[in-house]
Amino acid sequence: MVETMDTTTFTPEETMRLGRELAADLRGGDVLALYGPLGAGKTTLIKGIAEGLCVADTSEVRSPTFVLVRAYEGRTGDGEAVTIHHVDAYRLTGGADFDDMGGIDLFGDSSVCIIEWADRMADGLPGERIDITLEHVDPTTRKISISR
Ligand code: ADP
Ligand code: MG
């Protein structure tokens, strides 16, 4: 069964707080697929998640547009060490491209994988994941829908 939660945020800080709240329940092996256009707040939400996962320097958290994947070291709510893999799939054309990145265990048990533009790698996404869609309502309002 898919469980969906809709939230509206009115400032970037509220979106970051939502990210910190989400982070509390994350564990190694979790995959978050983010959808929504440029400026929707995907990276802002991920900054909040990184804070919640105790990443020491969240100024490192920015869209990995040119490197495809960024990695941050963090810790889950139950104290387990995890690597956060922050992926930007904007330039990918499908799962095969994604597989070509190779070498990195993006979806491993000791990582939390968060993907911006997840629709660009639809067939490369694991079935078991959390989908998060962000929509612009007005310049500072975002509707954020979380399904798991
Ligand atoms: P994306 O990664 O989806 O392209 P970013 O998080 O990089 O989006 O950018 C979102 C922009 O929108 C930032 O400049 C942020 O300050 C602004 N913003 C305004 N209101 C909000 C909000 N409620 N939530 C998130 N970002 C917001
Ligand atoms: Mg971004």
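Refer to the structure presented above.
Keep in mind that this is a model prediction, so the values were computed, not measured.

1. Examining the site of ligand 1
Here is step 1: Around ligand 1, the surrounding shell holds 17 residues, and the nearest of these are Thr15, Gly39, Lys42, Thr43 and Thr44.
Here is step 2: At 2.6 Å, a side-chain N or O of Thr15 approaches a nitrogen atom of ligand 1.
Here is step 3: Note that an oxygen atom of ligand 1 is positioned 3.2 Å from one of the side-chain N or O atoms of Glu116.
Here is step 4: Against a free-state accessible area of 570 Å², the protein chains account for coverage of 75% of ligand 1.
Here is step 5: Only helix 1 (12-24) and helix 2 (42-52) provide two or more residues apiece to the shell around ligand 1.
Here is step 6: The biggest single contributor to the shell around ligand 1 is helix 2, with three residues.
Here is step 7: Considered class by class, the residues forming the shell around ligand 1 number six nonpolar, eight polar and three charged.

2. Digging into the sheet that holds strand 3 (residues 69-75)
Here is step 1: The strand order across the open sheet built from seven strands is 1-7-6-2-5-4-3, with neighbouring strands paired in mixed fashion. Two strands close off the open sheet at either side, each with one partner strand: strand 1 (4-9) and strand 3. Here the average twist between neighbouring strands, direction ignored, is 20 degrees.
Here is step 2: Where strand 1 and strand 7 (residues 141-147) come together, six bridges link them in antiparallel fashion. Bridged to Met5 within strand 7 is Ile146.
Here is step 3: Across the sheet, helix 1 lies against strand 1, strand 6 (130-138) and strand 7, angled at about 150 degrees from strand 1, the strand it touches most.

What counts and what doesn't
Residues numbered from 1 in each chain as written. Chains lettered and ligands numbered in written order. Predicted model: local features only at pLDDT ≥ 70, side-chain atom pairs only at ≥ 80, totals over all residues. Heavy atoms only, no water. Near = heavy atom within 4 Å. Polar contact = N/O pair within 3.5 Å; in protein donor to acceptor, adjacent residues only side chain to side chain. Areas by Shrake-Rupley, 256 points an atom, 1.4 Å probe, with all protein chains shown as cover. Helix = DSSP H or I, 4+ residues; strand = E, 2+ residues; numbered from the N terminus. Nonpolar A, V, L, I, M, F, W, Y, C, P; charged D, E, K, R; others polar. Pairing = 2+ DSSP bridges. Axes fitted to C-alpha atoms, helices over the stretch in contact; angles between N-to-C directions. Contact = heavy atoms within 4.5 Å.

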